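# Fold and contact review
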Amino acid sequence: MKIQILLASALLFSATTFAKPITTSSSSSEQAGYSFGYLMGRTNAESMKDLNLEAFIQGLREAAQGKEASLTDEEMARVLTQYKKQAEAQQLIELRKQAEENSKIGTAFLAENAKKAGMQTTASGLQYQVLKAGTGKTPKVSSKVKVDYEGRLIDGTIFDSSIARQQPAEFQVNQVIQGWTEGLQLMKEGAKYRFFIPAHLAYGQIGSGDIIEPNSTLIFDVELLQVLP
């Protein structure tokens, strides 16, 4: 929870509880108070979802009015630490459930995908299709390459695309996820492959960012433009 933001914002709140809607016809003080409250609530919605909002407003009001707190600083620190631990434990449980579900979905998807014509599966579990054969050099694990690519989830959601940015990417073959490292070494310059990468060759149980959830199976269209000197 962004405790510092909540406490700093307390002084900006009016002691009055508004039953009426706040509009552009309301006073500037009312509009400012509402705006600070709404934006703080929206920014911290996830952290505050299990809080007793009446108690929160009471604490906010009493602090803004300079009243003495009904809990000591030590008691507040202790209860907030415990609240944070409980929230993190619940989040971990939810992430584990999400990871288990994504693992089942990914396993089923890859099992069915392996039956498609032209699909090849390596010993590691990487699946790939040759969309266009290449004729140039094949990169080694230590090579630097220039590629165009687009990555998406199995539901079709695109999460990254050098094609959309119109800017090919350059990197070393051993500095990317395992599925890419293995797959690139199967290609020749000028080739375009479609990789179906199981979670253990991608971002595993951690995931990446807000879009790639734990144990997500990923799909990449990759064109190897050049093996760089």
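Residues numbered from 1 in each chain as written. Predicted model: local features only at pLDDT ≥ 70, side-chain atom pairs only at ≥ 80, totals over all residues. Heavy atoms only, no water.

Time to look at the nonpolar core. One finds V147, W180, L184, F195, I197, F220 and V222 to be the most contacted residues of the largest nonpolar core, which totals 25 residues. Of all the elements in the fold, those that place two or more residues in this core are strand 3 (144-153), strand 5 (169-172), helix 7 (178-184), strand 6 (192-197) and strand 7 (218-228). Sequence-distant contacts of F220, defined by excluding residues within four places in its chain, comprise Y149, E150, G151, F159, I177, W180, Y193, R194, F195 and I197. (Core = buried A, V, L, I, M, F, W, Y, C linked by side-chain atoms within 4.5 Å. Buried < 20%, exposed > 50% of the residue type's maximum accessible area, 1.4 Å probe, protein only. Helix = DSSP H or I, 4+ residues; strand = E, 2+ residues; numbered from the N terminus. Contact = heavy atoms within 4.5 Å.)

This part covers a nonpolar patch on the surface. Judged by side-chain polarity, L71, M76, V79 and L80 come together as a nonpolar surface patch covering roughly 300 Å² of accessible area. Inspection of the secondary structure assignment puts L80 in helix 5 (residues 73-113). On the basis of relative accessibility, which here comes to 35%, the residue L80 falls in the partly exposed class. (Patch = residues over 30% accessible without salt bridge, like charges linked within 9 Å, V, L, I, M, F, W, Y side chains within 5 Å. Areas by Shrake-Rupley, 256 points an atom, 1.4 Å probe, with all protein chains shown as cover. Salt bridge = Lys/Arg side-chain N within 4 Å of Asp/Glu carboxyl O.)

With 12 residues, helix 4 (residues 53-64) should reach 16 Å at 1.5 Å per residue; the first-to-last C-alpha distance of 16 Å fits that figure. Residue N52 occupies the N-cap position of helix 4, its side-chain oxygen lying 3.0 Å from the main-chain nitrogen of E54. Looking one or two residues past helix 4, G66 carries a phi angle of roughly 75°, positive in sign. (Expected span 1.5 Å × (residues − 1). Polar contact = N/O pair within 3.5 Å; in protein donor to acceptor, adjacent residues only side chain to side chain.)

In this section: the pattern of salt bridges. This structure, assessed with the given rule, holds five salt bridges. Where E112 meets K115, a salt bridge forms, and the shortest distance between an N and an O atom there is 3.4 Å. K115 sits in the exposed class, given a relative accessible area of 65%. Its salt-bridge partner being R152, residue D221 comes within 3.5 Å of it at the nearest N-O pair. One end of the pair, D221, is in strand 7; the other, R152, is in strand 3, with 69 residues separating them in the sequence. Counted as one network, the salt bridges with shared partners bring together R152, R194 and D221.

Moving on to the packing of aromatic side chains. One pass over the structure, following the stated rule, counts nine aromatic pairs. For the ring pair W180 and F220, a centre distance of 5.2 Å and an interplane angle of 85° mean the geometry is edge-to-face. With W180 in helix 7 and F220 in strand 7, this residue pair connects regions lying 40 residues apart in the sequence. Assessed through its relative accessible area of 4%, W180 is described here as buried. Members of the aromatic cluster, connected to one another through ring pairs, are Y149, F159, F171, W180 and F220. (Phe/Tyr/Trp six-rings, centres within 6.5 Å; stacked < 30°, edge-to-face > 60°.)

Interpretation note: all reported values are geometric properties and have no functional meaning in isolation.
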